[in-house]
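# Coordinate inspection notes
Now for the letters of each chain:
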Amino acid sequence: MTLLPGGVDPEDFESLGQPQAPNQDPTPAPTEPIPQQKTASANPGLDTPPPTDEEQVPQSRFAWRDLLGEMLLALTARPARTLLTALGTILGVAALVATLGLAKTAGNQIVSRFDELEATQVSVEPQQGAFESNRQTSAIPWDAEDRLTRLNGVTAAGTITPVETNNQLTRSVPVNDPLGQTEFQIPVVATSPGLFQAARAQLFTGRFFDEGHNERGDQVAVLGPGAARRLNISRVDNSPAIFIGDESFAVVGIIADTARKPELLNAIIVPDGLAKDRFQLEAVSEVLIDVEVGAAELIGIQAPVALAPNSPEELRAAIPPSPTRVRSDVQSDVNALFLILGGVSLLVGAIGIANVTLVSVLERTGEIGLRRAMGATRRHVAVQFLGESVALGGLAGLLGTSLGILTVVVVSATREWSPILDSWLPFAAPAVGAATGLLAGTYPAWKAASTEPIAALRGSA
Amino acid sequence: MTAVVELQQVSRTFPGTPPVEALKPTDLTINKGEYLAIVGPSGSGKSTMLHLLGLLDTPTKGTYFLDGTDTGALSERERAGMRSARIGFVFQAFHLLSHRTTVENVMLAEVYRPDSSTGRRERAIAALEMVGLAHRLDASPTTLSGGERQRVAVARALVSKPSLLLADEPTGNLDTTTGNQIMALFEELHGAGLTLAVITHDDEVSSRAQRQVRIRDGVVDPVVAAS
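Residues numbered from 1 in each chain as written. Chains lettered and ligands numbered in written order. Predicted model: local features only at pLDDT ≥ 70, side-chain atom pairs only at ≥ 80, totals over all residues. Heavy atoms only, no water.

With that out of the way, let us pick up the overall build of chain B. Tallying secondary structure elements over chain B gives 7 helices and 10 strands in all. Per-residue burial for chain B yields a buried fraction of 59% across its 227 residues. Summing over all exposed atoms, chain B offers an accessible surface of approximately 8200 Å²; the carbon and sulfur share of this is 49%. (Helix = DSSP H or I, 4+ residues; strand = E, 2+ residues; numbered from the N terminus. Buried < 20%, exposed > 50% of the residue type's maximum accessible area, 1.4 Å probe, protein only. Areas by Shrake-Rupley, 256 points an atom, 1.4 Å probe, with all protein chains shown as cover.)

Have a look at this one:
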């Protein structure tokens, strides 16, 4: 086998190993394995006819370059018809691309609108059943805050435990108003110092208690705004004190608002180092963790282990729904319907291509016969027609992909979304079109190949 | 004189009930440079003869040597290659592709050839010059007259320098004047050394050949004296 000057291997579509006539041919003709030397002269003069023997039998070939040329000519011969034939496939591919692109885009919009506050919050509680009778035993240790802030991705952590005050009333000192109510039932919450940051609390005035207060067991309290109003305390620079039962507490700060744990707004917050002693607090009931964006899932796994290395299974971490899960849920809903729609258009497109290609095979019987007479084998004819429909399908896939991407961009622009597309999509979609063409062209190509040149040539052109 | 075509007891039977013997065992030799007419009415076996000679069909029995090669032993691909390289076809219906220019139609003849990817256009132009159509290279076949179209078809048959030009009713779609022009072209080509076989039902056409054979009911007889 020789290479054509174009560098295209002419050993193209035929099966391998055609026996070379000179060695195995039982013909009586004296033949020798001399390669046929055709003159490449521009003059097809008749004075130099090819030698009649001493030649090997020429084999018909259909070089890739010629095949591509024929396909191109066939597609461009009637551009309008080509476009109309491809229309179904164009729309099908466009529908698929637009569906996938829009689902992806919309899914990401929902995720980005997703509550950042919720996405960065992890809370750890003991599993139900970890309570024995009245006595609460918890696997959460008192130094939970220290253990958790060591984890990468945790920005703040704090324990929070409601304090049982045995219905003791709370009052503030200075005002003695005989008409007004001066004693209140106000919930008391014991926390570690890090909780304020973990709950994203903002100070109205004063300060939060800190690690020092906690360790020393200072009698300090921070008031939620609701509690402060009821106790008639609005400033801390005069060192107001409150009494819970008989215990006095210095108010060091008043919270303005918190992003998490709204129950703090109505509560008296005391350090849990104090509450352990004063209120016989035995176990931490919850740890609130503020994590970096994206770290929630990981911390949800790590926190129970960090808190209770011996029995992490006794702790339950509540993590926000992961963004990936949200996205895939949304996508699967949106996709199902439109993917079916796209698939149906593709099918219709394939039928369209098959139909027109079949008609064109019937129209071109003369051409098929001519090609056979000029040296095409059945396989060459089949490959040509198949190639034409694959090229048509691929072209339709390209146009459809463009159309689909355009749709995604336009819809995104009107909704002020950022269009998002999987990077494989623009490559896979034209291939889907080509595959459609392949499928659609199989029968017409077989039909073309089985056309009898005899009948084809006698028909009118 | 070397034989371009040599049929030895070639016959063709089409299966059926009863089987139809379209061509009875026939010996026929066409020598190099000969101009042969095969004449006969429709249904006489002309088409069968054309397809056998053109390697579009294989004989049921007998041996067909083309350029000394036993065509019965060839694969389909080799027979297709022989069609491409050794035989030029001219048809009654021209069979030009209407969406291509004249020169592109002629170039089509070399698409299936193994050794022809350079100079294809130059060879096509040269072939068109030989049939006197150098001025219509880029014309669409739809703008050509019937005679011009048939000359394009002849150029297409000539471009591969065939051993045998096989013409099937070449004047069948033409009026007398243009038909005569085509026949004159054939005579000119014959004069230049081309081997021709023209298959026709028309005695007037066949009478212009160097040698005639008459085919009737599948039997080929030489015509001794032309009218």
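All names here are of chain B. In strand E6 (residues 87–90), alternate side chains face the same way, and those of Ile87 and Phe89 on one face and Gly88 and Val90 on the other are all buried. Across 4 bridges, E6 lies against strand E7 (residues 164–168) in parallel orientation. Looking at E7, one finds that Phe89 is bridged to Leu166. (Pairing = 2+ DSSP bridges.)

Counting through the fold element by element, Thr170 of chain A comes out in strand E5 (residues 170–172). On the basis of relative accessible area, Thr170 of chain A is assigned to the buried category, the value being 0%.

What follows is about the sheet that holds strand E1 (residues 3–14) of chain B. Paired through their backbone hydrogen bonds, the strands of a sheet run either parallel or antiparallel. All names here are of chain B. In space, the 4 strands of this open sheet follow the order E2-E1-E4-E5, with antiparallel pairing throughout. Lying at the two open borders of the sheet, with one neighbouring strand each, are strand E2 (20–31) and strand E5 (69–70). In this sheet, E2 lies alongside E1 in antiparallel orientation, the contact comprising 8 bridges. Residue pairing across strands places Phe14 opposite Val20, the latter belonging to E2. Running at roughly 125° to E1, helix H1 (residues 46–53) makes contact with E1, E2 and strand E4 (61–66) of the sheet. (Contact = heavy atoms within 4.5 Å. Axes fitted to C-alpha atoms, helices over the stretch in contact; angles between N-to-C directions.)

Scored by pLDDT, chain A has a mean of 79; 78% of the residues are at 70 or more. Counting contacts from residues 1–54 of chain A, a segment whose pLDDT is below 50, to residues more than four positions away or on other chains yields 112 contacts. (pLDDT = per-residue confidence, 0-100.)

So, on to the packing of helix H13 (residues 378–415) of chain A against helix H14 (residues 425–449) of chain A. All names here are of chain A. Where H13 meets H14, the closest approach of the two axes is 6 Å, and the angle between their N-to-C directions is 150°. Relative to H14, H13 is oriented roughly antiparallel. In the crossing of H13 with H14, the sense of the turn from one axis to the other is right-handed. For the contact of H13 with H14, the residue count by class is 15 nonpolar, 9 polar and 1 charged. (Parallel < 35°, antiparallel > 145°, perpendicular 65-115°, else oblique. Left-handed = near helix turned anticlockwise from the far one by under 90°. Nonpolar A, V, L, I, M, F, W, Y, C, P; charged D, E, K, R; others polar.)

This part is about the packing of helix H2 (residues 64–77) of chain A against H13 of chain A. Residues and elements named next belong to chain A. At their nearest, the axes of H2 and H13 sit 9 Å apart, and the two run at 60° to each other. Considered as vectors, H2 and H13 are oriented oblique to each other. Along this stretch, H2 crosses H13, giving a crossing that reads as right-handed. Of the residues in H13, those in contact with Leu67, Glu70, Met71, Ala74 and Leu75 of H2 are Val383, Gln384, Gly387, Glu388, Ala391 and Leu392.

Residues and elements named next belong to chain B. Pairing between strand E9 (residues 211–216) and strand E10 (residues 219–222): 4 bridges, direction antiparallel. In the sheet register, Ile215 faces E10, and the bridge partner there is Val220. From the end of E9 to the start of E10, which pair antiparallel, there are 2 residues, and Asp217 there has a positive phi angle of about 50°.

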